Amino acid sequence: RSRGLGDVYKRQGYVTWTLSVPSGKLTQTTYPFSVKVSYEYKTIAEGIVRVVELDYYRRTKDRGGAKSFSYTAGPLKVSLKVPNAIFSRGSSTKIPIMFEVINIGGGRTYGNKDEAETIDKISVSGEGINCIEEVTLASGQRALISCSIDVGETTQDYIDKDFRLTLDYYYVIEEPSSLS
């Protein structure tokens, strides 16, 4: 039987079941069952990416890139990849950035609570960055999220851009067991 444990950020709880073998049973029988825990989760990654102007790069060899990066602890590990953070002065530029998401929690993500058609789905939103709205973990394990930072027109040598990536999903862990 499923029991919700509430918002894991605000409270923790547990449920205990006591199972007994029917009385008068003369032969040993094994009863397989599984325990399934499902909870709503949010992973947040944030940081600062420095984008540099082409002439500034030529003078200083500063390629820009991630200046700071962190993400909340949980079943998904997030890493940041900035392939090229150089822009040309006087033109509006979008700098591509990528996030790699790896499932390290031993369960599966769902876009909607326990709906089979949403298995391995994650909703994506961003602040200070433009990203795709949904991603699917390949084999339930890994995904790349494509985003971009809009530099706009500027006369500055470099710009430090703050961003925040939010991943919304349900996380489900199921463990088989048996009772003899």
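For the structure, see preceding data.
Attention here is on the structure that accompanies the text. Being a predicted model, the structure only gives us computed values, none of them experimental.

Rules used in this analysis
- Residues numbered from 1 in each chain as written.
- Predicted model: local features only at pLDDT ≥ 70, side-chain atom pairs only at ≥ 80, totals over all residues.
- Heavy atoms only, no water.
- Helix = DSSP H or I, 4+ residues; strand = E, 2+ residues; numbered from the N terminus.
- Buried < 20%, exposed > 50% of the residue type's maximum accessible area, 1.4 Å probe, protein only.
- Contact = heavy atoms within 4.5 Å.
- Areas by Shrake-Rupley, 256 points an atom, 1.4 Å probe, with all protein chains shown as cover.
- Phe/Tyr/Trp six-rings, centres within 6.5 Å; stacked < 30°, edge-to-face > 60°.
- Polar contact = N/O pair within 3.5 Å; in protein donor to acceptor, adjacent residues only side chain to side chain.
- Pairing = 2+ DSSP bridges.
- Disulfide = S-S within 2.5 Å.
- Patch = residues over 30% accessible without salt bridge, like charges linked within 9 Å, V, L, I, M, F, W, Y side chains within 5 Å.
- Salt bridge = Lys/Arg side-chain N within 4 Å of Asp/Glu carboxyl O.

**Focus on the overall build of the protein chain**
Here is step 1: Helices and strands together make up the secondary structure of the protein chain, namely 1 helix and 11 strands.
Here is step 2: Going from the N terminus to the C terminus, the protein chain shows its helices and strands as β-α-β-β-β-β-β-β-β-β-β-β.
Here is step 3: Split into buried and exposed, the 180 residues of the protein chain put 32% on the buried side.
Here is step 4: Sequence separation of at least 24 residues holds for 68% of the intrachain contacts in the protein chain that already meet a minimum separation of 6.
Here is step 5: Surface summary for the protein chain: the accessible area is close to 11100 Å², and the carbon and sulfur share equals 47%.

**Looking at the packing of aromatic side chains**
Here is step 1: Under the definition given, this model contains 9 aromatic pairs.
Here is step 2: Relative to Y171, the ring of Y169 lies with its centre 6.4 Å away and its plane at 75°, an arrangement referred to as edge-to-face. One exposure class covers both Y169 and Y171, and it is buried.
Here is step 3: What links up through ring pairs into an aromatic cluster is the set Y39, Y41, Y169 and Y171.

**A look at the side chain of D120**
Here is step 1: For D120, the location among the structural elements is in the loop between β6 (108-110) and β7 (121-127).
Here is step 2: In this structure the side chain of D120 is engaged in a polar contact, spanning 2.7 Å, whose partner is the side chain of R108.
Here is step 3: In contact with D120, other than residues within four places in its own chain, are R108, T109, Y110, V135, T136, L137, S139 and G140.

**A word on the sheet that holds strand β10 (residues 142-150)**
Backbone-to-backbone hydrogen bonds join strands into a sheet, with any given pair of strands oriented parallel or antiparallel.
Here is step 1: The strand order β3-β5-β10-β8 describes an open sheet built from 4 strands, whose pairing is antiparallel. Looking at which strands have only one partner, the edges of the open sheet turn out to be β3 (76-81) and β8 (130-131).
Here is step 2: Where β3 meets strand β5 (residues 94-103), 6 bridges bridge the pair, whose relative direction is antiparallel. Looking at the pairing, K77 lines up with I102 of β5.

**Structural notes on the environment of D62**
Here is step 1: By the secondary structure assignment, D62 is in the loop between α1 (54-60) and β2 (65-71).
Here is step 2: In sequence terms D62 and Y158 are 96 residues apart; their C-alpha atoms lie 9.6 Å from each other.
Here is step 3: Once you skip the residues sitting within four places of it in the chain, D62 turns out to touch R50, V52, Y56, Y57 and K67.
Here is step 4: A distance of 2.8 Å separates a polar side-chain atom of D62 from the backbone nitrogen of G64.

**Examining the state of the cysteines**
Here is step 1: Evaluation of the coordinates by the stated rule reveals 1 disulfide.
Here is step 2: Paired by a disulfide, C131 and C147 hold their sulfur atoms 2.1 Å apart. Judged by the sign of its S-S torsion, about 110°, the bond between C131 and C147 is right-handed. Of this pair, C131 sits in strand β8 while C147 sits in strand β10, and the two are 16 residues apart along the sequence.

**Some points on a nonpolar patch on the surface**
Here is step 1: On the surface, F33, V35, V37 and I173 cluster together to form a nonpolar patch covering roughly 260 Å² of accessible area.
Here is step 2: Per element, the largest residue contribution to the nonpolar patch is 3 residues, and it comes from strand β1 (residues 31-53).
Here is step 3: Position of V35 relative to the elements: it lies in strand β1.

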